[in-house]
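The lines below spell out each chain.
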Amino acid sequence: MEVILLEDVKSLGKKGQIVKINDGYARNFVLPKKLGLEATPKNLNDLKLQKAREAKEAAEELQAAKELAVKVEEKPVRLTMKTGEGGKTFGTISTKEVAAAAKEQLGLDIDKKKMKLDEPIKTLGNHIITVKLHKDVTAKLTVGRYCNHQNYAKQSGGGAVCDWFNVNGQAGDYQCRRNSFGRRLLSQTVWNYVSGHG
C-alpha cells in the first residue's frame, strides 16, 4: 500500500513523503495512529494543494524578513547611559533594552531572542548586533551608546567633553559648555542628533 506520511516515521520516511509499505503494517499501525493516509487520488491532490500553500507561505515569510532586514539596518538605535567623574560609565545594555528601544524609536518589533549579543554593552560608541530574522536572513542592527550630556555637563561644571557618535556613525568629541546664562551649548549637528531631529 502507498501511504502519505503525516509525521516523520523512523525507518519509513519524512512527513509529506509517499512511501510503499506492507498492507498489514499500514492498517494495524500507521493508519490507526494517524501517522499516515492512504495515497488515494483525493489525498494526493490534497497533499499537492497543501505543499503549494506551504511554499507560498514560506516565500511570503522570507520576503517579509528581507524587508524587515532593510529597515533594521537603515537607522541606529540610540541609548544613553550615566557617566561619572572622569567619564566613567555605569550600567550595561542588554538585548531587552535594545528591543524596547527599537520598538519605541524605529517602530520595529524585534524579538530579543533573535539578537546575538555575547555580553551586555558596557562601553560608549557604536555596537553592531546580529539579528537572525529568518533561517536565510540576518541583519545588522547598530546600537549607539552615548553619555547623558545633561548629567555629564552638570558634573563637570559645563566644561566636559562627551563622547558622541555622529549621524555617520563616526566617534567624535564635542565640547559641552555653558554661556553666561548657564545654558549648555552644543553644535547644531550634535543637538539635532541626540534630540531626535537629526
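Residues numbered from 1 in each chain as written. Predicted model: local features only at pLDDT ≥ 70, side-chain atom pairs only at ≥ 80, totals over all residues. Heavy atoms only, no water.

A few points about the environment of Arg27
1) Next: Within the fold, Arg27 resides in helix H1 (residues 23-30).
2) Next: Residues Arg27 and Met1 lie 26 residues apart in sequence; the distance between their C-alpha atoms is 9.4 Å.
3) Next: If sequence neighbours within four positions are ignored, Arg27 has contacts with Met1 and Pro32. (Helix = DSSP H or I, 4+ residues; strand = E, 2+ residues; numbered from the N terminus. Contact = heavy atoms within 4.5 Å.)

Thoughts on the pattern of salt bridges
1) Next: This structure, assessed with the given rule, holds three salt bridges.
2) Next: A salt bridge links Lys103 to Asp109; its shortest N-O distance comes to 3.3 Å.
3) Next: According to the relative accessible area criterion, Lys103 is partly exposed, its value standing at 44%.
4) Next: We classify Asp109 as exposed; its relative accessible area is 59%. (Salt bridge = Lys/Arg side-chain N within 4 Å of Asp/Glu carboxyl O. Buried < 20%, exposed > 50% of the residue type's maximum accessible area, 1.4 Å probe, protein only.)

Section: the environment of Leu117
1) Next: The residue Leu117 is located in the loop between strand E6 (115-116) and strand E7 (125-134) in this model.
2) Next: For Leu117 and Ile128, which are 11 residues apart along the polypeptide, the C-alpha to C-alpha distance reads 8.9 Å.
3) Next: Non-local contacts of Leu117, meaning those with residues more than four positions away in its chain, are made with Ile93, Ser94, Thr95 and Ile129.

A short note on the nonpolar core
1) Next: Counting 21 residues, the largest nonpolar core has Val98, Met115 and Leu141 as its most contacted members.
2) Next: When contributions to this core are tallied by element, the ones reaching two or more residues are helix H2 (41-74), strand E4 (77-83), helix H3 (95-106), E7 and strand E8 (137-147).
3) Next: The next biggest cluster of nonpolar side chains, apart from the first, holds nine residues, and it includes Met1, Val19, Ile21 and Leu35. (Core = buried A, V, L, I, M, F, W, Y, C linked by side-chain atoms within 4.5 Å.)

What about the sheet that holds strand E3 (residues 36-38)?
1) Next: Taken in spatial order, the three strands of this open sheet run E2-E1-E3, and their pairing is antiparallel. Each edge of the open sheet carries a strand with a single partner, namely strand E2 (18-20) and E3. In this sheet, neighbouring strand axes are inclined to one another by 35 degrees on average, regardless of whether the strands run parallel or antiparallel.
2) Next: Across three bridges, the pairing between strand E1 (residues 2-5) and E2 is antiparallel. Directly across from Val3, in E2, lies its bridge partner Val19.
3) Next: H2 contacts E1, E2 and E3 of the sheet and is inclined by roughly 30 degrees relative to E1. (Pairing = 2+ DSSP bridges. Axes fitted to C-alpha atoms, helices over the stretch in contact; angles between N-to-C directions.)

Digging into the side chain of Asn43
1) Next: Mapped onto the elements of the fold, Asn43 is located in helix H2.
2) Next: At 2.8 Å, the side chain of Asn43 and the backbone oxygen of Glu38 are in polar contact. (Polar contact = N/O pair within 3.5 Å; in protein donor to acceptor, adjacent residues only side chain to side chain.)

Focus: the pairing of E1
1) Next: Summarising the sheet, E1 and E3 pair through three bridges and their orientation is antiparallel. From the neighbouring strand, Leu5 faces E3, where its bridge partner is Gly36.

Thoughts on a negative patch on the surface
1) Next: Side chains of Glu54, Glu57, Glu60 and Glu61 sit close together on the surface and give a patch of like negative charge.
2) Next: Structurally, Glu57 can be placed in helix H2.
3) Next: Since its relative accessible area comes to 40%, Glu57 is described here as partly exposed. (Patch = residues over 30% accessible without salt bridge, like charges linked within 9 Å, V, L, I, M, F, W, Y side chains within 5 Å. Areas by Shrake-Rupley, 256 points an atom, 1.4 Å probe, with all protein chains shown as cover. Lys, Arg positive; Asp, Glu negative; His and termini not counted. Charge placed at Lys NZ, Arg CZ, Asp CG, Glu CD.)

Regarding H2
1) Next: A rise of 1.5 Å per residue sets the reference length of H2, with its 34 residues, at 50 Å; its end C-alpha atoms lie 50 Å apart and thus fit the reference within 8%.
2) Next: Where H2 is concerned, the buried positions are Asn43, Leu47, Ala65, Ala69 and Val72. (Expected span 1.5 Å × (residues − 1).)

Focus on the environment of Pro76
1) Next: Along the chain, the position of Pro76 falls in the loop between H2 and E4.
2) Next: The class for Pro76 is partly exposed, based on a relative accessible area of 22%.
3) Next: Each C-alpha atom, one on Pro76 and one on Lys140, is 9.8 Å from the other, the two residues being 64 residues apart in sequence.

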